[in-house]
Amino acid sequence: MGSANVKENQRSERSSSTQASASTNTNIHVFHKTVNKITKYAVSGAAAATLAAHPNAHVAWCLLGAVVAAFVNKAVKKVINAPRPANAHKPDPGMPSSHAQSLAYLSGYVAMFAALPNNLPAACAVVALGAYLSWLRVATGLHTVPQVGVGFALGLTNAFVMGSIGEMYGGVKFVQLHAWASVVLWTLTTIAIATFVGQVAWKWKWRARAHA
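Residues numbered from 1 in each chain as written. Predicted model: local features only at pLDDT ≥ 70, side-chain atom pairs only at ≥ 80, totals over all residues. Heavy atoms only, no water.

(A) Main features of unusual backbone geometry. Here the bond from M95 into P96 is cis, since omega is -5 degrees, no more than 30 degrees from zero. Residue N81 is not a glycine yet carries a positive backbone phi of 55 degrees. Within the fold, N81 resides in the loop between α2 (57-80) and α3 (98-115). (Helix = DSSP H or I, 4+ residues; strand = E, 2+ residues; numbered from the N terminus.)

Put into structure tokens, the structure is as follows:
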């Protein structure tokens, strides 16, 4: 009788442990999905707030590059036309990940041309945050590891190229010294941002109709 009770207690403990582990995993998954869902709003809001607080050529140059890189990435996705994971439930292709590209571009640009060389820990932290938010696309089943990896690498490359032209080779300084160049930069940045916002709004409207 005593042996039977011991075995029953052991089975009960294993069952409780399994249930606790499953509950923890579920909570973690929900957390990842929630963070992933709000990331695009948080990042867009941070970009808009930065532009509003610091309406200068440096910020305009960075954001113009971000929007152009995002559109180029979408075009590349259509050309490659690689499917997302089966459980992603999204019709558009997945290679390279647009979210990873944009997150890498913004975090990489800030790290390379705002934080460095004066604040290495801040630069590393910004890129690490971008990498974590990109990894959530894998954790939530929306992309494969290669799709996110290629997107992130592409974003860092775009940030380095755009930032180098603007910050290292005089692009931003040229804009600051010539009024007509400033007008061109701000016009292009405004058009790019308006086009991007319009595309996002159209996508939301399309999805709302599809689920109606």
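(B) The arrangement of helix α5 (residues 145-168) in detail. Taking 1.5 Å of rise per residue, the 24 residues of α5 would be expected to cover 34 Å, and the 33 Å separating its terminal C-alpha atoms lies within 8% of that figure. Those residues of α5 not exposed but buried are Q147, V148, G151, F152, G155, A159, M162, G163, S164 and G166. In this fold, the buried residues of α5 make contact with α2, α3, α4 (120-139) and α6 (171-177). Immediately downstream of α5, the backbone of G170 shows phi near 90 degrees, a positive value. (Expected span 1.5 Å × (residues − 1). Buried < 20%, exposed > 50% of the residue type's maximum accessible area, 1.4 Å probe, protein only. Contact = heavy atoms within 4.5 Å.)

(C) Region of interest: the pattern of salt bridges. Enumeration according to the criterion identifies two salt bridges in this entry. Across the pair D92 and K77 runs a salt bridge, and its minimum N-O distance is 3.4 Å. You can see D92 sitting in the loop between α2 and α3 and its partner K77 sitting in helix α2, a full 15 residues away along the chain. We classify D92 as partly exposed; its relative accessible area is 29%. What makes K77 buried here is its relative accessible area of 5%. Two residues, D92 and R84, come together in a salt bridge whose shortest N-O distance is 2.9 Å. Residues joined in a network through salt bridges with shared partners are K77, R84 and D92. (Salt bridge = Lys/Arg side-chain N within 4 Å of Asp/Glu carboxyl O.)

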